Amino acid sequence: MSGTSIIFYLLAAMTIGCGVIAVSTRQIFRAAISLLFSLVGVAGIYFWMDYQFIAAVQIVVYVGGIVVLIIFSIFLTQQSGEKLPIQKLGRKLFSLLAVFCGFALTIVQIFQHTFTKTTAAPVGVTVRNIGEELIAMDKNGYALPFEVVSMLLLAALIGCIVIAMRTPSQPSPEETEIKRKEEIKVIIPKEEKVLIIQEETGGIE
Amino acid sequence: MTIEPGLYHLLFISTTLFFIGVYGFLTRRNLITMLMSIELILNSVNINFIAFNKYLWANRLDGVMFTVFVIAIAAAEAAVAIAIIINLYRSHQSIDVEKAEEMKY
Amino acid sequence: MPSAIIIALIPLLPLFTFLVLGLYGRKVFKNASGIIGTISLLISFVIAAYVAYGYFFNYGYIDLRGQFNLSHYEKLIPFKYTWLQFNERMSIDMGILLDPISVLMIVVVTFVSLMVHIFSLGYMKGEERYPTYFAFLSLFTFSMLGLVLSSNIFQIYIFWELVGVSSFLLIGFYYDRPSAVAAAKKAFIVTRFADLGFLIGILILSFYANTLDFNALIATFTSPTSPELHNAVVSSFLGVSALTWGLALVFMGGAGKSAMFPLHIWLPDAMEGPTPVSALIHAATMVVAGVFLVARLFPVFSLSAPAALNIVAYVGILSAFLAAIIACTQTDIKRVLAYSTMSQIGFMMFALGVSGYGGENGLGFTASMFHLFTHAMFKALLFLGAGVVIHFIHSNDMKDMGGLRKYLPVAHITFLIACLAIAGVPPFAGFFSKEEILLAAYNNNPTIFYIALITSGLTAFYMFRLYFSIFWNKSPDIHTDHHNNTSLVMNLPLILLAIGAALAGFIPFGNFVSSDGQPLESHFNPMFSVAPVTIGLVGIAIAWMLYKKQNNKPEKIANSLSSIYKTAYRKFYIDEIYLFITSKILFNLVARPAAWFDKNVVDGMVNASGSVTQVVSARIKKIQSGKVQQYAIYSLVGVIGLAILFIYLWK
């Protein structure tokens, strides 16, 4: 059992374990942070495979961008305090069953298949090689997808701004907050018991 | 299967991560946590690409290219998804996905 | 031979008149429609007479003197259009067939129709639906002419139904009278029921002969060596050969149209229509369609299916006898004439039934056709005379009439001539034709002969009972007459028909019409005629005693034979039997379950498919819940399922 194997297994355990936490915890911040660690684990696996560039890109974009974005959106939608509602048990069991079936099927297929290696000489995965390939215009070049992705990013940028723009008919956050508090004032006397029950049963998670 | 990690181990990890993401997508009631599950799925796909590139096609860089593009696209998609979630939050005052069922019969 | 167009004009002119009067009569031609109808029919009659003259004296007679004395009247087909071809031999054609009986019939139909048209000019004057009446008369004339000129058995069926429709329209002409409406319905339903048998018969015959054309059908079924005839005779159902079934069913259709027992119930009720209509349709032309049909298929009947011919004979004589008895008791003059028609057609039928084929054996055929010809004359005359009387008295019942000979002299004399003709008194037409019928019966079937003899006596009796009750009997009690005498238009047809009834007997009919086309010499046997004439005169004498002067002898006789009298007066309760069968048995056992089945099972299935769809859709519409996660689960399960399917199960 060499060192690399141990490191590999540790990284795998971290990735998968944090993934499980991310999808099952009831507190949203814990989910976000577990996601962060899971993505860091994936980056670690890339480092272990000697694909440093990809690992770096992973950390910069995913961990430093997307997870931060998610945390911001959690703030914007004021979900930080309360516990998440749980799904019905029936749905959870059924999903578990379906997922397990799919997992079994895929694993069986993968392990029954013999993958043949190519016999050509390996090419070094350096930043220079990746960069040259990225903008190359010969048969192996990825110049076209590069341009297309840039257009996609432009469209995404514009799209986000447009969708997230507040139209005159939608109320501002302050107005929304005031309206919500008024609704709660009316509802609270009836729903006090309901809230208390939810607090009690929520402790299982 | 050997103790030394090889292609099969990586594929096992990526499959597991994929189906964890699927489970999370089907079970979570919150839109943001659903988005997190989608990110897990995308990451599993990336691991797959890199694994095949390293172990099967070491003479080319296609897997790496694909991974770069997938990461870029995932970022764009996450941004757009957050924008939609914010918009939905404004109209429903909640991001419970069970409440967004206007498209029913 | 004149071109087919000239011959085709004979039925087509009345059709054209029907269309013109039907579409434009009420708006444009109000008063002229009678004249238009009459003129078109006059032209038709002239063409028919011209064709008849040409056929009988010129081109119809194929003179083959040199060979085995085979000269005969040929069946000519001047026009044939193939309408619907089933296979090489069988097709529904529209064609014209000229042979002795069809040429005879076109003359009779156009002549009687012309007389009725002229009569109606006066009788129906002042009627509100005057143009409609003449349109219907033209439609009927077209249908009847088409029927007799048909060259294809399916074509005759088409025109058969058309004639039925025209009869329905004309019987129910006074549609505001419920009795007229009921009578029209009854006529149509009974004849339609008979036509069911006719259609099945057509199907059987055409199936075995593989052809629908009359000439081909008759040739196939009368040549002794044809395989089709063999097939038709050998295959049997319930012990009776298929050919006999086919012909018997065709005769059922004819029996319905000709009011033979037991399908006669519609004829007396059909008297609800206007009297000229009764003269045209229910005396002279439509009701002889059945006789015409049997005559058309006569070679097949007599050469290959004698059993069917026996049925024809017995049904004919039974109807004749029954009708004569009933007619002795009726008081409505039109009903007496209706039963008299039924009786005379029975005579025609059994004359065909006892006839053989070829030469002397075919006397019955000739006699039947001769009687058809003369009967048309004197029966139309009787009905038109009755029409004059009814027009004058405004009542149909004998009890309201009496002593009218002073007021209606022309009607009186012509009515007398017709009564003498129908009673078989020489030298009027009825004597010759009836005597030939009795001779044919005597030669072949003595039973029928004796019953026919008695029936002739009864005929004379009830006709003269009618005559004396109308024109003699009591003195008239009429308020000063509103129409002084009847007009020329109403008297002219009477005179013309009376001339026909008087003189038609002298035509040597056998020279023209016979069973196989060869001229048949009729031998006049004075010794034989003694019996019928004597019986006729006895009948007249009894009627003279009972009815010439008003007395109570008839009531005394009626009371002494009370039960028999009552049964005959009630028409042997046949109507009641029909009513019982239909309403108690058919309605309850057949119609009601069928209606229940239709409403609950058939409609139920359709409704069920609708409601099942609704219920199922209400249950499964929840699949579209609007929840994204559910959709995702469905697609995941679907993908896994498909993957398993393709990897493991469908290699």
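Treat the numbers as computed from the prediction; the structure is a model and nothing was measured.

Cut-off values and rules
- Residues numbered from 1 in each chain as written.
- Chains lettered and ligands numbered in written order.
- Predicted model: local features only at pLDDT ≥ 70, side-chain atom pairs only at ≥ 80, totals over all residues.
- Helix = DSSP H or I, 4+ residues; strand = E, 2+ residues; numbered from the N terminus.
- Contact = placed C-beta atoms within 7 Å.
- Nonpolar A, V, L, I, M, F, W, Y, C, P; charged D, E, K, R; others polar.
- Axes fitted to C-alpha atoms, helices over the stretch in contact; angles between N-to-C directions.
- Parallel < 35°, antiparallel > 145°, perpendicular 65-115°, else oblique.
- Left-handed = near helix turned anticlockwise from the far one by under 90°.
- Pairing = 2+ DSSP bridges.
- pLDDT = per-residue confidence, 0-100.
- Core = buried A, V, L, I, M, F, W, Y, C linked by C-beta atoms within 7 Å.
- Buried ≥ 20, exposed ≤ 12 C-beta atoms within 10 Å, placed from the backbone.
- Expected span 1.5 Å × (residues − 1).

Caption draft 1: Structural context of the overall build of chain A. A tally of regular secondary structure across chain A gives 7 helices and 0 strands. Each helix and strand of chain A, ordered N terminal to C terminal, gives the series α-α-α-α-α-α-α. Restricting the contact set of chain A to residue pairs at least 6 apart, pairs at least 24 apart contribute 49%.

Caption draft 2: Spotlight on the interface of chain C and chain B. The interface of chain C with chain B comprises 10 residues on the first partner and 10 residues on the second. Counted by class, the side of chain C that touches chain B contains 4 nonpolar, 4 polar and 2 charged residues.

Caption draft 3: Structural context of the interface of chain B and chain A. Listed by partner, the interface residues are 64 residues for chain B and 73 residues for chain A. Of all the secondary structure elements, the ones that give two or more residues to the side of chain B that touches chain A are α1 (7–27), α2 (31–55) and α3 (62–92) of chain B.

Caption draft 4: Just the packing of helix α2 (residues 33–59) of chain C against helix α4 (residues 130–148) of chain C, in detail. Residue and element names in this part refer to chain C. Viewed as axis vectors pointing N to C, α2 and α4 meet at an angle of 15°, and their least axial separation amounts to 8 Å. Comparing the axis directions of α2 and α4 gives the class roughly parallel. When you trace α2 past α4, the crossing you get is left-handed. Residue-level contacts link S33, G34, G37 and L41 of α2 to Y130, P131, F134, L137, S138 and T141 of α4. In terms of residue class, the contact of α2 with α4 is built from 5 nonpolar, 5 polar and no charged.

Caption draft 5: Representation of the pairing of strand β3 (residues 76–85) of chain C in the model. Residue and element names in this part refer to chain C. The pairing of β3 with strand β4 (residues 91–98) spans 7 bridges and is classified as antiparallel. Within β4, the residue paired with L76 across the bridge is L98. Taking the residues that link successive antiparallel strands as the turn, the β3-β4 hairpin has 5 residues.

Caption draft 6: Structural detail: the confidence of the model for chain A. Looking at chain A, the pLDDT average stands at 85 and 83% of residues meet or exceed 70. Considering each helix and strand of chain A separately, the mean pLDDT is smallest for helix α7 (residues 173–201) of chain A, with a value of 63, and largest for helix α2 (residues 28–48) of chain A, with 94.

Caption draft 7: Representation of the packing of α2(B) against α3(B). Residue and element names in this part refer to chain B. It is at 9 Å that the axes of α2 and α3 come closest, and there the two elements cross at 175°. Relative to α3, the element α2 lies roughly antiparallel. For the pair α2 and α3, the contacting residues are L31, I32, L35, E39, L42, V45, N46, F49, I50, F52 and N53 in the first and D62, G63, V64, F66, T67, V70, I71, A74, A78, A81 and I85 in the second. A class-by-class count of the residues in the contact of α2 with α3 yields 16 nonpolar, 4 polar and 2 charged.

Caption draft 8: Fine view of the nonpolar core. Residue and element names in this part refer to chain C. Ranked by size, the top nonpolar core spans 205 residues in total, and within it A380, L381, A418, F464 and A501 carry the most contacts. In terms of residue count, the dominant contributor to this core is helix α16 (residues 363–393) (18 residues). Look past the residues within four positions of A418 in its chain and what remains in contact with it is F378, L381, L382, G385, A498 and A501.

Caption draft 9: Representation of unusual backbone geometry within the structure. Residue and element names in this part refer to chain C. In this structure, P262 follows F261 across a cis peptide bond, with omega equal to -5°. Along the chain, the position of P262 falls in the loop between α9 (242–257) and α10 (266–269). In the segment running from P426 into P427, the intervening peptide bond is cis, with an omega of 0°. With respect to the secondary-structure elements, P427 resides in the loop between α17 (409–423) and α18 (429–444).

Caption draft 10: Structural detail: the environment of L416(C). You can see L416(C) is positioned in helix α17. Each C-alpha atom of the pair L416(C) and M463(C) lies 9.7 Å from the other, and the pair is 47 residues apart in sequence.

Caption draft 11: A look at helix α19 (residues 446–471) of chain C. Residue and element names in this part refer to chain C. Taking 1.5 Å as the rise per residue, α19 with 26 residues should run 38 Å; its terminal C-alpha atoms sit 38 Å apart, in good agreement. Among the 26 residues that make up α19, 19 are buried, leaving the element largely enclosed by the rest of the structure. The positive-phi residue at the C-terminal boundary of α19 is N473, with phi of around 50°.

Caption draft 12: The environment of G254(C), seen in detail. All names here are of chain C. Looking at the element boundaries, G254 is found in helix α9. The sequence separation of G254 and D195 amounts to 59 residues, and the corresponding C-alpha distance is 8.0 Å. With sequence-adjacent residues up to four places away left out, G254 is seen in contact with G290, L293 and V294.

Caption draft 13: Just the environment of I35(C), in detail. Within the secondary structure, I35(C) is located in helix α2. For the pair I35(C) and H117(C), spaced 82 residues apart in sequence, the C-alpha to C-alpha distance is 8.7 Å.

Caption draft 14: Representation of α16(C) in the model. Residues and elements named next belong to chain C. An ideal rise of 1.5 Å per residue puts 45 Å on 31 residues; α16 measures up with 44 Å between its terminal C-alpha atoms. Across the 31 residues that make up α16, a large majority, 27, are buried. One or two positions beyond α16, positive phi appears at H394, with a value near 60°.

Caption draft 15: Summary view of the confidence of the model for chain C. Residues of chain C with pLDDT of at least 70 account for 96%, and the chain-wide mean is 87. The ipTM for the predicted assembly is 0.92, set against a pTM of 0.70.

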